[in-house]
Amino acid sequence: MARFLTPRILGRALPVVACGVLFLVPMLTDDRYLFKVLTFVGLNVIVIAGLALLFGFAGQISLGHAAFVGIGAYTCGYLTAARGVPWIVAVIAGTVLAGVGGFLLAIPSLRLKGHYLAMATLGFNEIMSVLFVELRPVTGGNDGLRGIPFASIGAWKIDTPAGNYLLVWGVAVVVLLLTANIIRTRPGRAMRALHGSELGALASGVDTGRLKTEVFALSAGIAGLAGALYASSVGFISPSTFSLEFSVLLIAMVVIGGAGSLAGPVAACALLTLLPYADALIPGLSKELIALIQDWEADISGFVMILVLLFAPGGLAALGRRLGGTSARGAGGVQ
Amino acid sequence: MNSAELLQFVASGLQNGAVYALVALGFTLVYASTGIINFAQGEFFMLGGMLAVAGVRAGLPLPFAALASVVLTASIGLLFERVALRPRRDSGPTVLIIITIGGSMVMKSLARHAFGPNELSLPPFSPGVPIVFAGASIDRQVLWIWGLTIVAVVALTFLYSKTKLGRAMRACSLSHDAARLMGIDTARVVMISFGLAAALGALGGVAVAPLTQTAFDVGSRAGLKGFAAAILGGLGNPIAAVVGGLVLGLLESLSVAFISSTYKDAISLVVLLAVLFLRPQGLLGKSRREKV
Amino acid sequence: MSLLSVRGISKRFGGLTAVDDVSFEVFEGTIKALIGPNGAGKSTLFNLLTGFERPDAGSVSFGGTALGGKRPHEVVRVGLARTFQNTQLFEEMTGAENVLVGMHPTMRTGFMAGALRLPSTRAEERDARERVGHLLRLVGADQYADTPAADVPHGVRRLLEIARALATSPRLLLLDEPAAGLNNAETRTLATCLRRIRDDGITILVVEHDMGLVMDVSEEIVVLDRGRKIAEGPPLLIQKDAAVIEAYLGEEAVYA
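In this text, all values refer to a predicted model and were calculated from it rather than measured experimentally.

Here we come to the overall build of chain A. The helix and strand inventory of chain A stands at 16 helices and two strands. A compact globule built from 335 residues would reach a C-alpha radius of gyration of about 20 Å, and chain A, at 20 Å, matches this within 12%. Across the 335 residues of chain A, 54% fall into the buried class. Taking the intrachain contacts of chain A between residues at least 6 apart in sequence as the baseline, contacts between residues at least 24 apart amount to 75%.

In structure tokens, the structure reads:
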């Protein structure tokens, strides 16, 4: 029996088992807190799938992804709460608007590399943070937007925590599947080539400028989708959620998970998102311990990120491959 | 608007501008000797103010507290370079950027644990009523800011042009390999650049704390504005950093005077993006093409 | 028939003229070599031909169409593929994946089709992998198909780059010092490989320092010195050319 458990089969089976468990959860429990926490994980996983494409595979850093999540959230929240637009239309609008934002940011950024791209995207996130506060008629300013309705399609309202959890994770699984397919085919190879050597990619006929814009727009659009779902899941959004700190945390998730991998960043994302809510999964944890973890969350991610870069540049993905017994070489690492 | 009011705005612009210039100098020093942008530079500004407050609270006389804070922050800068950056110094820019980002997360968070989440204030260096000059009133602390900035710039210019260390730093900014061939210990130069950059940031933080108060989270804004100033002037050139800082400070304060204060913080961001996208070499920089 | 024709091309960097009014032709189905001492402007000329640098003067026409102003990825799509003096492989990708990237211009799958893995995508993917296997065998690098490029031995790295260039289905292959760092046996294999590529109907322009290889495979040679063309002709004539011998004086023994 054991000889069938090759890394390859494990690699295929694990995601399927994980999906199965995820969708079984609502049958096993009706713990609202647990659903809320797991919904957060699902939303972050969606953003991370897009950021892994852009940063982990194409090698283009973005410190502005929180702003794209914000664009999606405010678009969806404003359209549904203030304008009565159907939910599905609002979600699409949020996704598209964030994608267009990514496209517009990518065009002037094409010439920028490394530090400059990081600073430009960081500056973009800060500008959006100012706008989220100052565009009061749309965003509600510092008080945020309240009363955003739950997801609904026609007369069917998804208004229970379990329903919402299933919705978010359904979208997350689809996004992960599509992303994994992109990575394995022509556009994904071009992205990895761009990361490996831009000269080599150009000499192979890859239009690297166009590719960067496309990946940026796609990645921003995915972030916007997560934002739109976030708005309708939580019902309330405020500017501080979409701050630079969140962008940095997202980057930390990809780094800790391992560049050039999808499973690694998703695992890192789940771990880091669950960390402050560990009591949802592990009953018996004391309130004091949870408070302590929440207090030190930023230090933990910062420290772990530095430690990973210093001692385990391949991140969780390389660790997983080593445990799986396959060669850890050729497996990512931030370049 | 009368001339006294205008002068008031100019003075306030030059006050902020001098602080931006100090932070920008830190960016420029590190960039010149390593080619990397230190995303933790703003946290040195924060540490400067916070450590000085802590010193005063611990009973140190203000001048000692200020000095100790600058020295301590400089040591933190040295240590950060030695422990977190040097082991990966041959990696690509992305790795180094992320390490400095991680460093800034940790410094900020540790500062919150050590000093609490609230705004703290530092007593003014020389208490007294503001000085009235041609109808504009200028706080005494502003004179300290200008004075300290001038001292820092003069000292830095002297260091750069007249000392052995300065020559080594300039050699490193041209080429590390060539510098090594000349017998320069490049690793030491890089570490010292980080220490100096941290000291400059801290000096800015200490000098402005009596006016604006300080808190654990003032670093990222200060870092962003300092970087905007550095790139506005032209990254890598100390004079340009000072010019960039002053110009940015004036732009901000004049925009408050003539437009509105709502978007004061956005001005530096817009300047940052405009310079990055349109003229990445800065106002004073020479155009440089990237070679294939 | 002339496939590539270079007319009066020049490039200056600051005060230095790297390529100075160079003209020559490359005929379809031949192997032409570009030689000259270090710093003669060979790599710059390659960059000018492939769109990585813009010429200050002169023109390049390929199969009758002008290449002026085309960007590197567009040049590839017209049918000129190149390798680099410092190999530009994708280190984290396997040998086969490196060559698959070279199939990029001839494949069609975009983000949408890729994400959905449409039947057409799968078919295209299968065909591409088959062709990659063929190319790897052609250059003799098939045992490194599943090895990350970072772990491939030095000599094979150059072969992988040639296979990647071939994958773009070029009419003209530009090779920048393919024999650099190869031992004698590897160089002989390379020579065989180049002739096989030429026999497949692909024209080759090669910058090379290894005179043994140059004399062995090329039908015609262009000699550059300090940016200028100083001689052009078949190997036997070039070997006796006074200007060429003059230019190479001071370099190590070149005629092995």
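That covers the picture; the talk isn't over yet.
Moving on to the overall build of chain C. Across its full length, chain C carries 10 helices and 10 strands. In terms of overall dimensions, chain C is globule-like: its C-alpha atoms have a radius of gyration of 19 Å, near the 18 Å expected for 256 residues. Looking at chain C as a whole, 49% of its 256 residues qualify as buried. Contacts spanning at least 24 positions in sequence make up 67% of the contacts within chain C whose residues lie at least 6 apart.

Moving on: the interface of chain B and chain A. Each side of the interface is counted separately: chain B has 33 residues, and chain A has 31 residues. Listing elements by their share of the side of chain B that touches chain A, those giving two or more residues are α4 (93-115), α9 (219-233) and α11 (264-278) of chain B. Among the elements that line the side of chain B that touches chain A, the one with the most residues is α4 of chain B, at 13 residues. Partitioning the side of chain B that touches chain A into residue classes produces 24 nonpolar, seven polar and two charged.

Here the focus is the pairing of strand β2 (residues 16-27) of chain C. All names here are of chain C. Pairing analysis gives eight bridges linking strand β1 (residues 2-13) to β2, with the strands arranged antiparallel. The residue of β2 that forms the bridge with Ser 5 is Glu 25. Between β1 and β2, which pair antiparallel one after the other, the connecting turn spans two residues, and Gly 14 there sits at a positive phi close to 60°.

Once that is clear, we can look at helix α2 (residues 32-57) of chain A. Residue and element names in this part refer to chain A. The end-to-end C-alpha separation of α2 is 36 Å, in line with the 38 Å expected for 26 residues at 1.5 Å each. A bend of about 35° at Leu 51 is the largest found in α2. Burial within α2 is extensive, with 23 of its 26 residues counted as buried. Gly 59 sits one or two residues past α2 and shows a positive phi near 75°.

Moving on, we come to the sheet that holds strand β9 (residues 220-225) of chain C. Residues and elements named next belong to chain C. A sheet is described by the order of its strands in space; here six strands give the open sequence β6-β7-β8-β3-β9-β10, paired in mixed fashion. Strand pairing shows two members of the sheet lacking a second neighbour, β6 (80-82) and β10 (228-233), which therefore form its edges. Between one strand axis and the next, the sheet turns through 20° on average, direction left out of account. Where β6 and strand β7 (residues 172-176) come together, three bridges link them in parallel fashion. Directly across from Ala 81, in β7, lies its bridge partner Leu 173. Packing of helix α1 (residues 42-49) onto the sheet brings it into contact with β3 (31-35), β6, β7, β8 (203-207) and β9, and relative to β7 it is tilted by some 150°.

What follows is about the interface of chain C and chain A. If you look at the interface, chain C gives 34 residues, while chain A gives 28 residues. Looking at the side of chain C that touches chain A, the elements that each hand over two or more residues are α2 (72-78), α3 (95-102), α4 (111-116) and α5 (119-139) of chain C. Residues belonging to the side of chain C that touches chain A are distributed by class as follows: 15 nonpolar, 10 polar and nine charged.

With phi around 50°, Ala 134 of chain B is a residue other than glycine that occupies positive phi space. Residue placement: Ala 134 of chain B occurs in the loop between β1 (131-133) and β2 (136-138). The backbone of Asp 21 of chain C sits at a positive phi, close to 50°, despite the residue not being glycine. Mapping Asp 21 of chain C onto the fold places it in strand β2. Judged by the 14 C-beta atoms lying within 10 Å of it, Asp 21 of chain C is partly exposed.

A few words on the confidence of the model for chain C. Residues and elements named next belong to chain C. Of all residues in chain C, 97% have pLDDT values of 70 or greater, and the mean over the chain is 91. Mean pLDDT across the elements of chain C ranges from a minimum in helix α10 (residues 242-248), with 81, to a maximum in α3, with 97. Interface confidence for the predicted complex, expressed as ipTM, amounts to 0.93; the pTM equals 0.91.

Sheet strands pair by backbone hydrogen bonding; their relative direction is either parallel or antiparallel. Residue and element names in this part refer to chain C. Read across the open sheet, the four strands follow the order β2-β1-β4-β5; overall the sheet is antiparallel. Looking at which strands have only one partner, the edges of the open sheet turn out to be β2 and β5 (65-66). Pairing between β1 and strand β4 (residues 57-62): five bridges, direction antiparallel. Bridge pairing in β4 places Ser 10 opposite Ala 57. Each of β1, β2 and β4 touches α1; the most contacted strand, β2, lies at about 65° to it.

It is worth spelling out the packing of helix α6 (residues 164-174) of chain B against helix α8 (residues 186-212) of chain B at this point. Residues and elements named next belong to chain B. Two numbers describe how α6 lies on α8: the axes approach to 10 Å, and their chain directions differ by 100°. Taken together, α6 and α8 sit at an angle that is classed as roughly perpendicular. Across from Leu 165, Ala 168, Met 169 and Cys 172 in α6, the residues of α8 making contact are Thr 186, Val 189, Ile 192 and Ser 193. Of the residues that constitute the contact of α6 with α8, the class distribution is six nonpolar, two polar and no charged.

Turning next to the environment of Gln 294 of chain A. Residues and elements named next belong to chain A. Tracing the backbone shows Gln 294 in helix α14 (residues 287-295). The class for Gln 294 is partly exposed, based on 13 C-beta atoms found within 10 Å. Each C-alpha atom, one on Gln 294 and one on Tyr 277, is 8.1 Å from the other, the two residues being 17 residues apart in sequence.

Counting 278 residues, the largest nonpolar core has Ile 48 of chain A together with Ala 163 of chain C as the members making the most contacts within it. Here the element with the most residues in this core is α2 of chain A; it accounts for 18 residues. No fewer than three residues from each of domain 1 (1-79 + 170-256) and domain 2 (90-168) of chain C sit in this core. Apart from the residues lying within four places of it in its own chain, the contact partners of Ala 163 of chain C are Val 99, Leu 135, Leu 136, Val 139 and Ala 141 of chain C.

Glancing now at the packing of helix α8 (residues 186-196) of chain A against α3 of chain C. What describes two packed helices is the angle between their axes and the distance between those same axes. Running from N to C, α8 of chain A and α3 of chain C point in directions that differ by 105°, and their axes come no closer than 10 Å. Between α8 of chain A and α3 of chain C, the crossing angle belongs to the class labelled roughly perpendicular. Every residue of α3 of chain C that contacts α8 of chain A at Arg 189, Ala 190 and Ala 193 of chain A is listed here: Glu 97, Leu 100 and Val 101 of chain C. For the contact of α8 of chain A with α3 of chain C, the class distribution of residues is four nonpolar, no polar and two charged.

A word on the domain arrangement of chain C. Residue and element names in this part refer to chain C. By the assigned domains, chain C splits into domain 1 (1-79 + 170-256) and domain 2 (90-168). Centre-to-centre, using C-alpha coordinates, domain 1 lies 26 Å away from domain 2. Listed as interface residues are 13 residues of domain 1 and, on the opposing side, 11 residues of domain 2. When residues of the side of domain 1 that touches domain 2 are traced back to their parent elements, those giving at least two are α2, β7 and α7 (184-199). If you tally residues by element for the side of domain 1 that touches domain 2, the top one is α7, at five residues.

Cut-offs used in this document
- Residues numbered from 1 in each chain as written.
- Chains lettered and ligands numbered in written order.
- Predicted model: local features only at pLDDT ≥ 70, side-chain atom pairs only at ≥ 80, totals over all residues.
- Helix = DSSP H or I, 4+ residues; strand = E, 2+ residues; numbered from the N terminus.
- Rg over C-alpha atoms; globule rule 2.2 N^0.38 Å.
- Buried ≥ 20, exposed ≤ 12 C-beta atoms within 10 Å, placed from the backbone.
- Contact = placed C-beta atoms within 7 Å.
- Nonpolar A, V, L, I, M, F, W, Y, C, P; charged D, E, K, R; others polar.
- Pairing = 2+ DSSP bridges.
- Expected span 1.5 Å × (residues − 1).
- Bend = angle between axes of the 7 residues up to and from the residue.
- Axes fitted to C-alpha atoms, helices over the stretch in contact; angles between N-to-C directions.
- pLDDT = per-residue confidence, 0-100.
- Parallel < 35°, antiparallel > 145°, perpendicular 65-115°, else oblique.
- Core = buried A, V, L, I, M, F, W, Y, C linked by C-beta atoms within 7 Å.
- Domains from an automatic or database assignment.

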